[in-house]
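# Descriptive analysis of the structure
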Amino acid sequence: MKNTKELRIGLIGCGFMGRTHSNGYKRVGDFFPELGYRPVLQAVCARNEEKVKAFAEQWGYKSVETDWKKMIERDDIDAIDICTPNDTHAEISIAAAAAGKMILCEKPIARNLAESQKMVDAIEKAGTKTTVWYNYRRLPAVTLAKQLIDSGKLGKIFHYRANFLQDWTINANLPQGGEGLWRMDAAVSGSGVLGDLLSHCIDTAMWLNGGIKDVSAMTETFIKERVHQLTGKVQQVTIDDACAFMCHFNNGSLGLFESTRYARGHKALYTFEINGEHASIRWDLHDLNRLEYFDNADEGIVKGWRSIHVTDGDQPYMSKWWVPGLGIGYEHSFVHQVADFLKSLETGEPCSPTFLDAHQTEKVCQAVSDSANSGSWKQTGVNF
Ligand code: SOE
């Protein structure tokens, strides 16, 4: 019998990400019946009792906690899933590692490199199994991009370009901080678009194209002061509203990255394009089932960009879903990550990105921030 071993989940935080992860835990067994493990929604934790009870009832969690420390002490929980704001990731994960729990943590793992270093030290000491929810890797078209690059179809890579564009903070009257707006308070988030959005682009980029060696960056904060939702006072805004950087990858290719919350008209547009010696690929989150591919080996009269609809059973993850031609969505990337995590419990392999992988992304983020502040190129220290 499959799906019989339990992985008892303790979810901390019940916002947007709490919902995406819970959906992943609930769906995975139906679509990956061959897996030996199945997630059990053992407990959910949030400070607001009314909210956490409603969440538990809606999603089917067996119990609730209002203090994450109590959750970690429980011996009926195997894995802690951290979906709280960034300023709590380090304390919770270090305590969870010491208590012998596995950890699934939202991105970015930390507010800065010093914090992620402490987390990596703690999980290495405890030998903890970890994964970080850089979910876009597990959209079939993005995984296919990885397969095409690894198979050598692109040849030597020359260029990597990525954007992550939003527009939700343009209004100067939008407060910063507190419920729903902690991403705008650097004390809680660590940074603005750098940690929230560019970290996704950096994670994907280093997975596809190897480590980033050095960076030259600029950041801007367009609205300098905002009312803080918690204090009611006008306070300085210290997040980056926009951030762009250029870089060298260790394989010699050049990278250009841009992210902003001031690109009017764009809600969550993540795109990347990679140009190689033999072929190029590009991908767009708004058309997430498609991978654009140009192969210079194609016969002249039909040569051009082709749009691969990544819905066929022999393409990544798609044999698990419907029939060729029928697409899947954003939420499936989380189902896939749960499936890969459960599989890794059987194989003993790491479920990448682990804390160690996410720490490499933190190295790049730190270098980007240092470069923007100093106006000079910075080495990242990423060696792969
Ligand atoms: C911010 O708006 C956000 O929700 C990020 O926090 C997510 O990581 C990204 O995937 C979508 O945008």
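In this text, all values refer to a predicted model and were calculated from it rather than measured experimentally.

With parallel pairing, 6 strands are arranged side by side in an open sheet as E3-E2-E1-E4-E5-E6. Edge positions in the sheet fall to strand E3 (63–65) and strand E6 (130–132), since each of these pairs with one other strand and no more. Direction aside, neighbouring strands of the sheet carry axes that sit 25° apart on average. The sheet contact formed by strand E4 (residues 79–82) and strand E5 (residues 102–105) spans 4 bridges and is parallel.

With that out of the way, let us pick up the environment of Arg226. With respect to the helices and strands, Arg226 occurs in strand E9 (residues 225–227). Sequence separation of Arg226 and Ala172 is 54 residues, and the distance between their C-alpha atoms is 7.1 Å. Once residues within four sequence positions are removed from consideration, Arg226 is found in contact with Leu174, Pro175, Gln176, Gln235 and Val237.

A word on the domain arrangement of the protein. Each assigned domain of the protein is listed here: domain 1 (5–135) and domain 2 (137–379). Summarising the inter-unit geometry, the C-alpha centres of domain 1 and domain 2 are found 23 Å apart. With 35 residues of domain 1 at the interface, the matching set in domain 2 holds 37 residues. At the level of secondary structure, the elements contributing two or more residues to the side of domain 1 that touches domain 2 comprise helix H1 (16–31), strand E2 (37–45), helix H5 (113–126) and E6. If you tally residues by element for the side of domain 1 that touches domain 2, the top one is H1, at 8 residues. Each residue belonging to the side of domain 1 that touches domain 2 can be placed in one class, and the counts come to 20 nonpolar, 11 polar and 4 charged.

Inspection of the secondary structure puts Ala217 in strand E8 (residues 212–220). A count of 27 C-beta atoms within 10 Å places Ala217 in the buried class. Between the C-alpha atom of Ala217 and that of Gly100, which follows or precedes it by 117 residues, the distance is 39 Å. Every residue in contact with Ala217, bar those within four places of it in the chain, is listed here: Cys243, Ala244, Phe245, Val368, Ser371 and Ala372.

Our focus in this paragraph is the pairing of strand E1 (residues 5–12). Direction of pairing for E1 relative to E2: parallel, over a ladder of 8 bridges. In the strand pairing of E2, Leu11 is matched with Val44. Tracing the backbone out of E1, into H1 and back to the parallel element E2 gives a crossover that is right-handed. As paired elements, E1 and E4 share 4 bridges and run parallel to each other. Of the residues in E4, the one forming a bridge with Leu11 is Asp81.

Lys107 connects to Pro108 through a cis peptide bond whose omega is -20°. The topology assignment puts Pro108 in the loop between E5 and H5. With omega at -5°, the peptide bond leading from Ser352 into Pro353 counts as cis. Take Pro353: it is sitting in the loop between helix H9 (331–347) and helix H10 (355–374). Even without a glycine there, the phi angle at Tyr317 is positive, about 65°. Residue position: Tyr317 is located in the loop between strand E16 (306–309) and H9.

What counts as what
- Residues numbered from 1 in each chain as written.
- Predicted model: local features only at pLDDT ≥ 70, side-chain atom pairs only at ≥ 80, totals over all residues.
- Pairing = 2+ DSSP bridges.
- Helix = DSSP H or I, 4+ residues; strand = E, 2+ residues; numbered from the N terminus.
- Axes fitted to C-alpha atoms, helices over the stretch in contact; angles between N-to-C directions.
- Contact = placed C-beta atoms within 7 Å.
- Domains from an automatic or database assignment.
- Nonpolar A, V, L, I, M, F, W, Y, C, P; charged D, E, K, R; others polar.
- Buried ≥ 20, exposed ≤ 12 C-beta atoms within 10 Å, placed from the backbone.
- Right-handed = clockwise from strand over helix to strand, strands pointing away.

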